[in-house]
Amino acid sequence: MVTSPLDQPIAILGSGAAGLITAYTLINDGFSNVTILTKDKSPGGVWADERVYPGLTINNVYGEFRFSALPMPPPQIPATGRLSGQDMCSYMRIFADTFLKGNIRYAVEVKKIYRPGSDEDKIGWLFDVENLESGELEILHFSRVVLCTGGCHVPLIPSNLSAHPKEVNGHVFHSSKFRSQLDLLQSNGQDVKSLGQVVIIGGGKSAQDIASYLASREVQVTVVFERADAVLASPIPLPSFIRRSRFLSILAGHEHLDTRFERFLHTTRVGARLTHFVWNTITQISASIRRKSPLRNAHSLFWDIRTNDEGILRSENFHDLVNKERIELVSPARAKALGEDGRSVVLEDGRNLEADTLILATGYTSSWDIFDEKMSKELGLDRLASSSAVEDSRRHWDYTTLTNPPDIRANGSQTGQEWISPIYRGIVPAKNILNHDFAINGAVFTTNNGYSLEVISHWISSYFLRDPHLQLPKTVEEALESSKRNAAWIRKRHPSALSWVNPSYSSNLAFWTWPQAMDDLLRDMGLRTARSGGNWFTWPFKVIKIDEISTLGEERRRRWQI
Ligand SMILES: Cc1cc2nc3c(=O)[nH]c(=O)nc-3n(C[C@H](O)[C@H](O)[C@H](O)COP(=O)(O)OP(=O)(O)OC[C@H]3O[C@@H](n4cnc5c(N)ncnc54)[C@H](O)[C@@H]3O)c2cc1C
Ligand SMILES: NC(=O)c1ccc[n+]([C@@H]2O[C@H](COP(=O)([O-])OP(=O)(O)OC[C@H]3O[C@@H](n4cnc5c(N)ncnc54)[C@H](OP(=O)(O)O)[C@@H]3O)[C@@H](O)[C@H]2O)c1
């Protein structure tokens, strides 16, 4: 018996922001059998109750993590202009409780996803699943899958820094365990000072957050990094027409330049000077960094995507505590190995740092290891080989703003050949485009997660429904070609980004340029673009509000009776 696509079972893997909004949109479109599967005990993913650590604040402008269906309460400490991790946690919980009751299966780990064998009377996907409470194993069948496993879920622990706990006298743990370690200390009646001398490896936001939290509680902290994340902050809050408009996205430059103003900024000499002047000015005002401070070893605000958007310059933040010499920096430096005494770390330059506690804030690896090699190849999740790089090096963009890229090797790339997975629009693996049974949400790197994840969820729903208004490549080759072009653009625009960001959140990099990338998706769906409006002069400064996409479902359904 042929069932309607709306009745066929859909699995959404992951209960982070991406999983929640995708389930919400599919259910609103009439899909009647939607299940979120998650390892976690509560919703929110990185914002889940069991994960949020004290001192964590959101790295985005207020409103950028909001979904259109649920207002977001203002920050509890208005002066910071930023929501706390706890604010985010309760927003995600309220969203799940309000809209997704009964749709989420908690504490189940998906071990493997694969296609049924040819002798099985099934199409779609099989999941090997472990119930984390009972230990029971089961096999589940779904017609469609949306992968929302996130790019910051599986800790990346460099092999030379991993050790069996018994081999070390002090503590060694990854930054993702910071919350559970604090809970453990508390349950033992200890405070953070019992961590002793702490060494943190890494220059990213996790390292900076943890260092600030500990240093402001009088713990001795040393941070080791080669380059730190850049910071975006200002002495006073910047007006919405700068921070919540298209202003920065236009200055960042998209793969295609649709307006005269963008073409002026990125393809003329005067425009390029102006563009770089603005980015340099933002860099200057964002952090008060002393002349010889190791904080000068930082990523570029323009060329890279490793930026902490702190909003306003705050006392007791990482930079402030470094300036006050309450956090010691060892940079440029890389950690090479754990010391033989089990209480120190050896750096690549031979130095040895004593550490009662070593925190590896060394980032995250791909969450897509639930596909075996064969399945991953068949689906097309693997990053393109460097031979494609040669083939694609012929493509170029004559942007005057991109004429002097930084040296890739000096900026962290190991080989200079890192390449992106051919995933169409960052949503559907190009190889699987004609099957309409697999999509990814959460792998487009953006600074406005709420808006982007919601638009992508509509695109996925249209794709699953084979909405005739959704413009798609007609062939796999066409999808591959488009994805390769995008890959080439990303290497041009952010030359070293792919050496760092793992495949499960780099299907597309639409960092500052998320408004243009979301317009591309709205255009695919045949929906109105540039929704913030404005005339020829005001459009770059019009505030982008989440409400402008609150009717996407109705607009799609009205046009094509779902
Ligand atoms: C501490 C921290 C703070 C961050 N703060 C910000 C920020 O302020 N701003 C920002 O833009 N980005 C931030 N990020 C990046 C963040 O990852 C994304 O912005 C976004 O929240 C990710 O949402 P997601 O739904 O894609 O993934 P996640 O929130 O990571 O959700 C992934 C979900 O998949 C589930 N899952 C994964 N694998 C399996 C499996 N095999 N079986 C079952 N379930 C599985 C997980 O349990 C989880 O529920 C932060 C990351 C970290 C680690
Ligand atoms: N809202 C928030 O406040 C918040 C908090 C935490 C995380 N986040 C986000 O989550 C994502 C992950 O952040 P993250 O900080 O966990 O990871 P990350 O950004 O990937 O940073 C990992 C850091 O570890 C360094 N590193 C790795 N191995 C090293 C070694 N052997 N020696 C010295 N340094 C080493 C890396 O440097 P190399 O690149 O040079 O190897 C990098 O600086 C980011 O997008 C971040 O913005 C946000």
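See the structure printed just above.
Since the structure is predicted, the reported quantities are computational estimates derived from the model, not experimental observations.

Criteria and cut-off values
Residues numbered from 1 in each chain as written. Chains lettered and ligands numbered in written order. Predicted model: local features only at pLDDT ≥ 70, side-chain atom pairs only at ≥ 80, totals over all residues. Heavy atoms only, no water. Near = heavy atom within 4 Å. Polar contact = N/O pair within 3.5 Å; in protein donor to acceptor, adjacent residues only side chain to side chain. Areas by Shrake-Rupley, 256 points an atom, 1.4 Å probe, with all protein chains shown as cover. Helix = DSSP H or I, 4+ residues; strand = E, 2+ residues; numbered from the N terminus. Nonpolar A, V, L, I, M, F, W, Y, C, P; charged D, E, K, R; others polar. Contact = heavy atoms within 4.5 Å. Axes fitted to C-alpha atoms, helices over the stretch in contact; angles between N-to-C directions. Parallel < 35°, antiparallel > 145°, perpendicular 65-115°, else oblique. Left-handed = near helix turned anticlockwise from the far one by under 90°. Phe/Tyr/Trp six-rings, centres within 6.5 Å; stacked < 30°, edge-to-face > 60°. Buried < 20%, exposed > 50% of the residue type's maximum accessible area, 1.4 Å probe, protein only. Pairing = 2+ DSSP bridges. Expected span 1.5 Å × (residues − 1). Disulfide = S-S within 2.5 Å. Salt bridge = Lys/Arg side-chain N within 4 Å of Asp/Glu carboxyl O.

(A) Highlighting the site of ligand 1. Asp40, Val46, Asn59, Asn60 and Asn449 are the nearest of the 30 residues found near ligand 1. Ala17 places a polar main-chain atom, nitrogen or oxygen, 3.2 Å from an oxygen atom of ligand 1. Contact between ligand 1 and Asn59: an oxygen atom at 2.7 Å from a main-chain N or O atom of the residue. Surface burial for ligand 1 is 89%, taken as the share of its 990 Å² of free accessible area covered by protein chains. At the level of elements, α1 (17-28) and β4 (108-114) are the ones that each hand at least two residues to the shell around ligand 1. Ranked by the residues each element gives to the shell around ligand 1, the list is headed by β4, at 3 residues. Grouping the constituent residues of the shell around ligand 1 by class yields 14 nonpolar, 13 polar and 3 charged.

(B) Main features of the environment of His494. Along the chain, His494 turns up in the loop between α13 (476-493) and β24 (508-510). Those residues within four positions of His494 in sequence are excluded, and the remaining contacts are Phe302, Trp303, Asp304, Ile305 and Leu509.

(C) Examining the packing of helix α12 (residues 449-464) against helix α15 (residues 552-559) more closely. One can describe the packing of α12 onto α15 by two numbers: an axis separation of 10 Å at closest approach and a directional angle of 20 degrees. Classified by the angle between their axes, α12 and α15 sit roughly parallel to one another. Considering only the axes of α12 and α15, their crossing is right-handed. Residues Val455, His458, Ser461 and Ser462 of α12 form the contact with α15, whose participating residues are Leu552, Gly553 and Arg556. Here the residues of the contact of α12 with α15 are counted per class, giving 2 nonpolar, 4 polar and 1 charged.

(D) Seen up close, the packing of aromatic side chains. One pass over the structure, following the stated rule, counts 28 aromatic pairs. Aromatic side chains Trp47 and Phe65 sit 5.8 Å apart centroid to centroid with 85 degrees between the ring planes, which places their arrangement in the edge-to-face category. Within this pair, whereas Trp47 is found in the loop between β2 (34-37) and α2 (85-99), its partner Phe65 is found in the loop between β2 and α2, the two being separated by 18 residues in sequence. Residue Trp47 shares its accessibility class with Phe65, and that shared class is buried. Pairing Phe371 with Phe438 gives two aromatic rings, centres 5.9 Å apart and planes at 75 degrees, and the pair type is edge-to-face.

(E) Local environment of the sheet that holds strand β22 (residues 438-440). Sheet architecture is open: 5 strands sit in the order β3-β2-β1-β7-β22, paired in parallel fashion. Two strands close off the open sheet at either side, each with one partner strand: β3 (104-105) and β22. In terms of strand pairing, strand β1 (residues 10-13) meets strand β7 (residues 144-147) through 4 bridges, oriented parallel. Bridging from a neighbouring strand, Ile10 pairs with Arg144 of β7. The strands that α1 touches are β1, β2, β3 and β7; relative to β2, the one it contacts most, it runs at about 175 degrees.

(F) α1, seen in detail. Between its first and last C-alpha atoms α1 spans 17 Å; for 12 residues at 1.5 Å apiece the expected length is 16 Å, and the two agree. By the criterion of burial, α1 is predominantly enclosed, with 10 of the 12 residues buried. Of the residues making up α1, those classed as buried are Ala17, Ala18, Gly19, Leu20, Ile21, Thr22, Ala23, Tyr24, Thr25 and Leu26. Considering only its buried residues, α1 is in contact with β1, β2, α2, β3, β7 and α12.

(G) Main features of the site of ligand 2. In the region of ligand 2, 25 residues are neighbours, and Thr57, Gly203, Ser206, Ala335 and Trp500 sit closest. At 3.1 Å from an oxygen atom of ligand 2 is found a main-chain nitrogen or oxygen belonging to Lys205. Take Ala335: an N or O atom from its main chain is 2.9 Å from a nitrogen atom of ligand 2. About the coverage of ligand 2: the protein hides 86% of its 910 Å² of free accessible area. Top element by residues in the shell around ligand 2 is helix α4 (residues 205-215). It accounts for 3 residues. Taken together, the residues that form the shell around ligand 2 break down as 12 nonpolar, 8 polar and 5 charged.

(H) Looking closely at unusual backbone geometry. Cis rather than trans, the peptide bond between Ser331 and Pro332 has omega equal to 0 degrees. Residue placement: Pro332 occurs in the loop between β14 (327-330) and β15 (335-338). Phi at Glu316 is positive, roughly 70 degrees, even though this residue is not glycine. The topology assignment puts Glu316 in the loop between β13 (307-312) and α9 (318-323). Notably, Glu325 is not glycine yet its phi reads approximately 60 degrees, a positive angle. Tracing the backbone through its elements, the reader meets Glu325 in the loop between α9 and β14.

(I) Structural context of the state of the cysteines. Applying the stated criterion across every chain yields a total of 0 disulfides. You can see Cys89 has no disulfide; the closest cysteine sulfur is in Cys152, sitting 17 Å from it.

(J) Spotlight on the sheet that holds strand β18 (residues 357-360). The parallel open sheet is built from 5 strands, whose spatial order is β9-β18-β10-β11-β14. The two strands at the open ends of the sheet, each matched to only one other strand, are β9 (171-174) and β14. Shown here is a sheet whose adjacent strand axes are inclined to one another by a mean of 20 degrees, direction ignored. Note: strand β10 (residues 198-201) against strand β11 (residues 221-224), 4 bridges, orientation parallel. Its bridge partner being in β11, Ile200 is matched across the sheet by Val223. Set on the sheet, α4 makes contact with β10, β11, β14 and β18; between it and β11 the angle comes to about 165 degrees.

(K) Main features of the pairing of strand β6 (residues 137-142). Pairing analysis gives 6 bridges linking strand β5 (residues 125-131) to β6, with the strands arranged antiparallel. Bridge pairing links Trp125 to Phe142 in β6. The turn linking β5 back onto β6 is made up of 5 residues, and Gly135 within it adopts a positive phi angle of 80 degrees.

(L) Spotlight on the pattern of salt bridges. Scanning the entire structure with this criterion turns up 27 salt bridges. Notably, a salt bridge pairs Lys112 with Asp372, separated by 3.8 Å at the nearest N-O pair. Here Lys112 is found in strand β4, whereas its partner Asp372 is found in the loop between β19 (364-365) and α10 (373-379), with 260 residues between them in sequence. Looking at Lys112, the relative accessible area reads 31%, which means it is partly exposed.

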